[in-house]
Amino acid sequence: MNDVKPTKPWIISLLSGSICSVIIILMRLAGIEMNDWVKRILGVIILISLPVMVYSSIKMYKKAKNG
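Residues numbered from 1 in each chain as written. Predicted model: local features only at pLDDT ≥ 70, side-chain atom pairs only at ≥ 80, totals over all residues. Heavy atoms only, no water.

Enquirer: Please give an account of helix α2 (residues 36-66) that cites residues and values.
Expert: Along an α-helix, residues three or four apart share an orientation, since each turn contains 3.6 residues. The first and last C-alpha atoms of α2 sit 46 Å apart over 31 residues, in line with the 45 Å expected at 1.5 Å per residue. For α2, the full list of buried residues reads Leu42, Ile46, Ser49, Met53, Ser56, Met60 and Ala64. Summarising the contacts, the buried residues of α2 are in contact with α1 (8-30). (Helix = DSSP H or I, 4+ residues; strand = E, 2+ residues; numbered from the N terminus. Expected span 1.5 Å × (residues − 1). Buried < 20%, exposed > 50% of the residue type's maximum accessible area, 1.4 Å probe, protein only. Contact = heavy atoms within 4.5 Å.)

Rendered as structure tokens:
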């Protein structure tokens, strides 16, 4: 299989999902209470970034497989 560079949507979705997840985890570990609307916004960002990452990963895999 050929080496395929990650696409911009894949990188952006990976970073946004990771950053939101880390924020939620660190706030929970530190015991800091977040507003409900902040949790919901971060959750929506994660839910949007996951399908984008899956779709772009499949495209990269197909491109690598086809050469």
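Now, onward.
Enquirer: A description of the pattern of salt bridges should follow, citing residues and the corresponding values.
Expert: With the rule as written, the count across this model stands at two salt bridges. Among the salt bridges present, the one from Glu33 reaches Lys39, with a minimum N-O distance of 3.6 Å. Given the relative accessible area of 36%, Lys39 is considered partly exposed. Of the charged contacts in the structure, one is a salt bridge between Asp36 and Arg40, with a shortest N-O distance of 2.8 Å. You can see Asp36 and its partner Arg40 sitting in helix α2, four residues apart, about one turn around the helix. (Salt bridge = Lys/Arg side-chain N within 4 Å of Asp/Glu carboxyl O.)

Enquirer: So what's going on with α1? Residues and values would help.
Expert: For α1, with 23 residues, the first-to-last C-alpha span of 33 Å sits near the 33 Å given by 1.5 Å per residue. Taken residue by residue, α1 has Ser13, Gly17 and Cys20 as its buried positions. In the core, the buried residues of α1 are packed alongside α2. Looking one or two places after α1, you find Gly31, whose phi comes out positive at around 80°.

Enquirer: Hey, could you go over the side chain of Ser49 for me, with residue numbers and the actual values?
Expert: Relative to the elements of secondary structure, Ser49 occurs in helix α2. Beyond its immediate stretch of four places on either side in the chain, Ser49 contacts Ser13, Ser16 and Gly17.

Everything listed is a geometric property; what it means functionally is a separate question.
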